[in-house]
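Letter by letter, the chains look like this.
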Amino acid sequence: MAVETRAVARPAAKARPRPKREREEEVLVWPDLVFVEFIAAVLFTITFLMLSVFINAPLLNRANPELTPNPSKAPWYFLNLQELLLHMDKAWAGVLLPTIALGFFASIPYVDRSREAQGVWFGSKNAVRLTLVSAAYSVIMIAALVSFDAGDRTYAETLTRWIPSCNAEAQHQGTPCLQDAEGEAHTGLLSTKDISKRLEFSVPFPNFLGVDDGNLDWPRDLDRIPVPFNNICGNVGSFHLWCDMNLNIPSIMAEQVIPLSTVAGLALAIIYVLFRVGWLRTKRDLFIVMFTSVLVAYLALSMVGSFFRGEGQNLIWPWEIKVDEG
Amino acid sequence: MAVTEDPGKPRNLAERVQRLQDRVYSAIFHNYVWQSIFRSGYPNTPRNQMLVVATNIFLHLHPTRIHRTHVKITHTYCLGGLTFFMFLILTVTGVLLMFYYVPSVDSAYQDIAALETNVKFGLLMRNMHRWTAHAMVILVFLHMMRVFYTGAYKPPREFNWVVGVILLVLTLVLSFTGYLLPWDQLALWAVTVGHGIGGSAPFFGDETQLIVFGGFEVGPSTLIRFYTLHVIALPIIAAVFMSVHFWRIRRDGGMARPL
Ligand code: HEM
């Protein structure tokens, strides 16, 4: 509460209520708070006793390293990471993005240092709207992205099915074609990751930069681009240096550049739109949007992993899920 | 009633009952043994109520007075407190489970199966441990959301928010290490997924698998590592961070309030 510091006499205008003293606003912890805590503890104890009487914790067969269940799933709070693995490079999905998210959480108070709007729910002007909009946006985008990418029922597959199979005999493919596994029926691209694995094409290209047959073949000619100085070999401790390091451009495109820039682009888009309509003004507003979207995406991806992924991590409806325990 | 005053004979039944009640009450609460434990009677004056909070080891985490908006349930929904309460239940049920569980690949599964069928309340304890563990993960997320949406991370509470983020990670890791212990198919393969994720860390992938999981596949050394982390290392670390967390709430001037 603001302390009245002005000592000059003011015209006796409106009669204001005298600011209440801090003490008068306080209650005693015993009994007021201790009572609430006690009731909450009792309610939760009873609830979980009841739950435990009626629902048993799962115990499947003894672990058997020979039998891989299909699908095998991480615990629900990590299923979101497992879901991301289907769409992008595993280091990004499993390690880098979560680390960035946690670093982002930890840094929030050091960037948003304003003291306004604390101690009350949604204390700033547009807080509720921003929260709702970002939550909805996050859910919709996750749903759209997941139904587009990764799985045999996705839009990516439907949209790319017309691309013909490659001619295994031809030396260069010319127009884009899809390489099918031996004995498999022809399908479209099951995920963006397939762009570096199954999509092939070639364009005429002068003979240089490692190309020696007048054609630049995707992905063959691009998957071993040496990084500069990759002849420095040796170890520091247990780490290998630089030695023989090559870049796989198609896989970097398909598993890092495309998915990450999609996510970043979608994030920037909503931030830009909310800024233009004038709802997003302060750092607090920005963080409301980012925090909400990240958390909701975390939850939504977990839901996808729990309820919409079946055998072979294919996209299915919840009622179709069955686990092959091997 | 002054002590010196002679109460005289009870005049009617009501008074007789009242006298009896008083006698029983003081037999229980005013005897030498009770008073050696609780130094004062039921705190029924504001002064004693503050004293009891300040001097009781379990209550002294609290301040003695608190702003009236903070005891409103809708301010915190008790989420932080309930997260902590889950931790307490997990400690109790976890210790009980430890009496029966041997963390070796040969016996872990049998121990859990036997616990469910042969041990009185064994199944109940296991269920409690499992469901409260899930609840703790959910509650810690909800608590973080309440702190965020009430803007309670703002100065001077920056560091306590960071302590909170560490507690979030600890809660997840605690839950994940416990997931392996029943050594059933669910456990093994869920942790195998985690093992793969750990191995995908740039530069440190192999090191992560070797150090955290004890090898390039989930096996006996993973089980003993996760067990040790789960029952002793992580709970102690979490308890330390929780102490800091609670201490900081008070050092930061109680919970956040509008300016
Ligand atoms: C094991 C996990 C945790 C426990 C047991 C815990 C416990 C508590 C308790 C009991 C409070 C008092 C108010 C309340 O109940 O809401 C509190 C406040 C607070 N917690 Fe946590 N917490 C945990 C995790 C977190 C996390 C993940 C964050 C944020 C990332 C966090 C940030 C805070 C902050 C900033 C406050 C002060 C709130 C205020 O001033 O209004 N805590 N915590």
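Residues numbered from 1 in each chain as written. Chains lettered and ligands numbered in written order. Predicted model: local features only at pLDDT ≥ 70, side-chain atom pairs only at ≥ 80, totals over all residues. Heavy atoms only, no water.

The helix and strand inventory of chain A stands at 7 helices and 8 strands. By the compact-globule yardstick of 20 Å for 326 residues, chain A is too spread out, its C-alpha radius of gyration being 29 Å. The buried share among the 326 residues of chain A stands at 36%. Sequence-distant contacts in chain A: of pairs separated by 6 or more residues, those separated by 24 or more amount to 56%. Roughly 19600 Å² of accessible area belongs to chain A as shown, and the carbon and sulfur atoms make up 66% of that amount. (Helix = DSSP H or I, 4+ residues; strand = E, 2+ residues; numbered from the N terminus. Rg over C-alpha atoms; globule rule 2.2 N^0.38 Å. Buried < 20%, exposed > 50% of the residue type's maximum accessible area, 1.4 Å probe, protein only. Contact = heavy atoms within 4.5 Å. Areas by Shrake-Rupley, 256 points an atom, 1.4 Å probe, with all protein chains shown as cover.)

To continue, consider the interface of chain B and chain A. Residue-level contacts link 87 residues of chain B with 82 residues of chain A. Together chain B and chain A conceal approximately 7800 Å² of surface at their shared face, both sides included; 70% is due to carbon and sulfur atoms. Between D112(A) and K154(B) there is a salt bridge, and its shortest N-O distance comes to 3.5 Å. In this assembly, chain B and chain A are joined by 36 residue pairs in polar contact (both at pLDDT 80 or more). No other element matches the 19 residues that helix α8 (residues 122-149) of chain B contributes to the side of chain B that touches chain A. Split by residue class, the side of chain B that touches chain A holds 59 nonpolar, 15 polar and 13 charged. Sheet analysis places strand β1 (residues 26-28) of chain A next to strand β1 (residues 65-67) of chain B, joined by 3 bridges and oriented antiparallel. Across the sheet, the residue bridging to V27(A) is I66(B), located in β1(B). (Buried area = accessible area lost by both parts, 1.4 Å probe. Salt bridge = Lys/Arg side-chain N within 4 Å of Asp/Glu carboxyl O. Polar contact = N/O pair within 3.5 Å; in protein donor to acceptor, adjacent residues only side chain to side chain. Nonpolar A, V, L, I, M, F, W, Y, C, P; charged D, E, K, R; others polar. Pairing = 2+ DSSP bridges.)

This part covers the domain arrangement of chain B. Annotation of chain B at the domain level lists domain 1 (13-61) and domain 2 (76-251). Each of domain 1 of chain B and domain 2 of chain B has a C-alpha centre, and the two are 40 Å apart. (Domains from an automatic or database assignment.)

As a further point, take the confidence of the model for chain B. Mean pLDDT over chain B: 92, with 98% of residues reaching 70 or higher. At the level of individual helices and strands, chain B shows its lowest average pLDDT in helix α4 (residues 68-71) of chain B, which scores 86, and its highest in helix α9 (residues 158-180) of chain B, which scores 98. (pLDDT = per-residue confidence, 0-100.)

A few words on the nonpolar core. Ranked by size, the top nonpolar core spans 55 residues in total, and within it I108(A), F291(A), F148(B), W161(B) and W183(B) carry the most contacts. In this view, F148(B) contacts I108(A), R284(A), F287(A), I288(A), F291(A), Y153(B) and W161(B); residues no more than four positions away in its chain are not counted. V36(A), C78(B), M86(B) and A135(B) belong to the second-largest nonpolar core, a separate cluster that totals 24 residues. (Core = buried A, V, L, I, M, F, W, Y, C linked by side-chain atoms within 4.5 Å.)

Below, the discussion takes up the site of the ligand. Residues and elements named next belong to chain B. Among the 25 residues in the neighbourhood of the ligand, the closest are listed as H143, R146, G164, H245 and A256. Residue assignment for the shell around the ligand shows that the elements contributing at least two residues are α6 (79-98), α8, α9 and α12 (220-251). Of the residues assigned to the shell around the ligand, the class counts are 15 nonpolar, 8 polar and 2 charged. (Near = heavy atom within 4 Å.)

A few words on α12(B). Residue and element names in this part refer to chain B. The end-to-end C-alpha distance of α12, which contains 32 residues, comes to 45 Å, matching closely the 46 Å that a straight helix rising 1.5 Å per residue would cover. At H230, α12 shows its maximal bend, which comes to roughly 45°. Buried residues of α12: T222, L223, F226, Y227, H230, L234, P235, A238, M242, H245 and F246, and no others. Packing partners of the buried residues in α12 comprise α6, α7 (108-118), α8, α9, α10 (185-199) and α11 (205-212). Phi turns positive one or two residues past the end of α12, at G253, with a value near 85°. (Expected span 1.5 Å × (residues − 1). Bend = angle between axes of the 7 residues up to and from the residue.)

Here we take up the environment of R68(B). In this fold, R68(B) is placed in helix α4. It is 41 Å that separates the C-alpha atoms of R68(B) and L97(B), two residues lying 29 residues apart in sequence. Residues in contact with R68(B), not counting those within four places in the same chain, are E24(A), E25(A), E26(A) and V27(A).

Side chains of F35(A), F38(A), I39(A), V42(A), L43(A), I46(A), M50(A), L51(A), V53(A), F54(A) and I55(A) sit close together on the surface and give an oily, nonpolar patch of about 1100 Å² of accessible area. For F38(A), the position within the fold is in helix α1 (residues 29-54). (Patch = residues over 30% accessible without salt bridge, like charges linked within 9 Å, V, L, I, M, F, W, Y side chains within 5 Å.)

The next thing to look at is the pattern of salt bridges. Opposite charge on two side chains lets them pair, provided their charged atoms get close. Under the definition given, this model contains 13 salt bridges over all chains. Of the charged contacts, one joins D180(A) and R198(A) as a salt bridge, the two residues approaching to 3.2 Å between their closest N and O atoms. Highlighted residues: D180(A) in the loop between β2 (177-178) and β3 (199-204) and R198(A) in the loop between β2 and β3, separated in sequence by 18 residues. For R198(A), a relative accessible area of 14% translates into the label buried. Between E116(B) and R126(B) there is a salt bridge, with the nearest N and O atoms lying 2.4 Å from each other. Taken together, the residues span a long stretch of sequence, with E116(B) in helix α7 and R126(B) in helix α8 at a distance of 10 residues. For E116(B), a relative accessible area of 22% corresponds to the partly exposed category. R126(B) sits in the buried class, given a relative accessible area of 5%. A cluster of three or more residues bridged by salt bridges with shared partners is formed by D180(A), D194(A) and R198(A).

This part covers the environment of Q256(A). All names here are of chain A. The topology assignment puts Q256 in helix α6 (residues 249-276). Taking the C-alpha atoms as reference, Q256 lies 37 Å from P58; in sequence the two are 198 residues apart. In this structure Q256 touches D89, W92, S251 and S261, once residues within four positions along its chain are discounted.

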